[in-house]
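Listed below are the residues making up each chain.
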Amino acid sequence: MASKRPFVEEDFSCSICCSVFSDPVVLPCGHSGCGECVESYWKVKGSRECPLCRKLVCELCRDSEEHRNHTCRPICEVAEENKIILRSELTALSTKKVIIQRAKYDCEETAVYIKHDSRVIESRIRKGFKNLHQRLDDEEKVMIERLQIEREEKLEIIRNKVKKMNEGIASLSGTIKDLEQTLNSEDIRLLKNFKETLKRLKYTPQDPEVSPGELIDHAKYIGNLKFNVLSKIRESVPYSPVVLDPKTVNCQLKLSDDLTDVWNPNVFLDDSEYWTIVPLPTNLERFQHYPCVLGSVGYSTGTHSWDVDVSDNSFWMVGVTTESVQRKGTFGLPNDIWTIGFESQTLSVRSPQESRVHLSGYEIPKQMALER
């Protein structure tokens, strides 16, 4: 039978103060020390751990019968596990930070675009109103000119009448004078010239006639003036039943100032033009990859038709789609689109089921009629 190792002085010494135990305590890890030394160590350290092996000490695990079977683990081991969890959280937070930073950058770019866009729209509004003002000025000049012409015509008529009246007055004045001289002449002479005098009196000027329409027609010029002018201008102003929506246009396409024409510039830009281009924001409504653009107004009921001028373009595609059409993440033609198009010298129609039917034998149109 093996003999037990004899006790030595170190077995009764505190590992903290190196003196003989005073009120000794045994920690769950098996190490011991003076109760006062252990308490002082814990106060200085700020945590309850063994001074020798650094294992955490739970008072309940140490003193309570209920916690007798609880185990203690090294701080470094538990800390490493917690670090793994925290590193995972750090990665998630860093990723979220990058997402927010990108969103912030997009917002800042959108703000730049909004400022640029507002200047463009303001310029086009001013240009449109300047055109309307010019049309109003032109119409005003036309109306004033017509008024002046009519005024001169009316005055010329009056002047002619006055001239005739003056001639009549002069004629009558001469006749009256002759008649008065006749009345004052001798009776023999009066009787001798009586028939001749009566004959002359039959050729007196006619009475002045007052004819209608001598005055300027006020109603023709100022009656419903605004409505008539605007109606006339409207007849000369082009109207398009379909206005394209710039919020949806793909970056490969360009819209006309009045938002009725769309084309792919496909031209080389010099440096001055390149640096004036403002990137389009990646808003939800915009087609990300495929060159598409939608009309600004949608329809849910009724029958509607439009004429689309495709001219002599070598590639074009027109059609209708749903409002929920996919606009992001697809490089091909999105689903939910009914189209007719011309590509590679071939005319074809396409349905949402990706089926394409070639229209052989048809003349290539320059204008398309769409109906929904």
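Remember, predicted model here, so these are calculated numbers, not experimental data.

1. Digging into the overall build of the protein
Here comes step 1: Helices and strands together make up the secondary structure of the protein, namely eight helices and 10 strands.
Here comes step 2: Pairs at least 24 residues apart make up 49% of the contacts formed inside the protein by residues separated by at least 6 positions.
Here comes step 3: When the accessible area of the protein is evaluated, it comes to approximately 29400 Å², of which 56% is carbon and sulfur surface.

2. Thoughts on helix H1 (residues 35-45)
Here comes step 1: Among the residues of H1, those classed as buried are Gly 35, Cys 37, Val 38, Tyr 41 and Trp 42. Angular distribution of buried residues about the axis of H1 spans 165 degrees; they occupy a single face of the element. In H1, those exposed residues whose orientation departs by more than 90 degrees from the buried face are Glu 36, Lys 43 and Val 44.
Here comes step 2: The positive-phi residue at the C-terminal boundary of H1 is Gly 46, with phi of around 85 degrees.

3. Structural notes on the nonpolar core
Here comes step 1: Phe 287, Tyr 290, Cys 292, Leu 294, Val 325, Leu 333 and Ile 337 form the largest nonpolar core, which has seven residues in total.
Here comes step 2: Excluding anything up to four places from it in sequence, Tyr 290 contacts Asn 250, Met 317, Thr 330, Phe 331, Gly 332, Leu 333 and Pro 334.
Here comes step 3: Counting residues in each nonpolar core, the second largest holds six residues, with Val 310, Trp 316, Val 318 and Leu 347 among its members.

4. Section: the pattern of salt bridges
Here comes step 1: Taken as a whole and assessed by the stated rule, the structure comprises 11 salt bridges.
Here comes step 2: Measuring nitrogen to oxygen at the nearest pair gives 2.9 Å for the salt bridge that ties Arg 124 to Asp 257. Here Arg 124 is found in helix H3 (residues 75-183), whereas its partner Asp 257 is found in the loop between strand E3 (254-255) and strand E4 (262-263), with 133 residues between them in sequence.
Here comes step 3: On the basis of relative accessible area, Arg 124 is assigned to the partly exposed category, the value being 34%.
Here comes step 4: One salt bridge connects Lys 220 with Glu 150, and the closest N-O pair in it is separated by 3.0 Å. In this pair, Lys 220 is assigned in helix H6 (residues 218-222) and Glu 150 in helix H3, connecting sequence segments 70 residues apart.
Here comes step 5: Residues joined by salt bridges that share partners form a network here, namely Arg 151, Glu 152, Glu 156 and Arg 159.

5. Some remarks on the environment of Ser 22
Here comes step 1: Inspection of the secondary structure assignment puts Ser 22 in the segment before strand E1 (24-26).
Here comes step 2: In this structure the C-alpha to C-alpha distance between Ser 22 and Gly 33, which are 11 residues apart in sequence, comes to 8.2 Å.
Here comes step 3: What Ser 22 contacts, discounting residues up to four positions off in sequence, is Cys 34 and Gly 35.

6. Focus: the pairing of strand E8 (residues 346-350)
Here comes step 1: Sheet analysis places strand E7 (residues 337-343) next to E8, joined by five bridges and oriented antiparallel. Note on E8: the bridge partner recorded for Glu 343 is Thr 346.
Here comes step 2: Connecting the antiparallel pair E7 and E8 is a turn made up of two residues, with Ser 344 showing a positive phi of about 55 degrees.

7. Quick look at the confidence of the model for the protein
Here comes step 1: Across the protein, the average pLDDT comes to 81, with 83% of residues at 70 or higher.
Here comes step 2: Element-level pLDDT for the protein is lowest in helix H8 (residues 271-274), with a mean of 47, against a maximum mean of 89 in H3.
Here comes step 3: Confidence drops under pLDDT 50 across residues 271-276; counting only partners more than four residues distant or on other chains, this segment forms two contacts.

8. Some remarks on the environment of Val 349
Here comes step 1: Structurally, Val 349 is set in strand E8.
Here comes step 2: Residues Val 349 and Thr 339, spaced 10 residues apart in sequence, show a C-alpha to C-alpha distance of 5.6 Å.

9. A short note on the packing of aromatic side chains
Here comes step 1: Throughout the structure, instances matching the rule amount to two aromatic pairs.
Here comes step 2: Between Tyr 299 and Trp 306, the ring centres sit 5.9 Å apart and the planes meet at 45 degrees, which makes this aromatic pair tilted.
Here comes step 3: For Tyr 299, a relative accessible area of 36% translates into the label partly exposed.

10. Looking at the environment of Lys 254
Here comes step 1: Relative to the helices and strands, Lys 254 is located in strand E3.
Here comes step 2: On the accessibility criterion, Lys 254 (43% relative accessible area) is partly exposed.
Here comes step 3: Once the C-alpha coordinates of Lys 254 and Pro 265 are considered, the two residues, 11 residues apart in sequence, prove to be 6.7 Å apart.
Here comes step 4: When residues no more than four places from it in sequence are discounted, the contact partners of Lys 254 are Asp 261, Val 262, Trp 263 and Pro 265.

Definitions and cut-offs
- Residues numbered from 1 in each chain as written.
- Predicted model: local features only at pLDDT ≥ 70, side-chain atom pairs only at ≥ 80, totals over all residues.
- Heavy atoms only, no water.
- Helix = DSSP H or I, 4+ residues; strand = E, 2+ residues; numbered from the N terminus.
- Contact = heavy atoms within 4.5 Å.
- Areas by Shrake-Rupley, 256 points an atom, 1.4 Å probe, with all protein chains shown as cover.
- Buried < 20%, exposed > 50% of the residue type's maximum accessible area, 1.4 Å probe, protein only.
- Arc of directions from axis to C-beta.
- Core = buried A, V, L, I, M, F, W, Y, C linked by side-chain atoms within 4.5 Å.
- Salt bridge = Lys/Arg side-chain N within 4 Å of Asp/Glu carboxyl O.
- Pairing = 2+ DSSP bridges.
- pLDDT = per-residue confidence, 0-100.
- Phe/Tyr/Trp six-rings, centres within 6.5 Å; stacked < 30°, edge-to-face > 60°.

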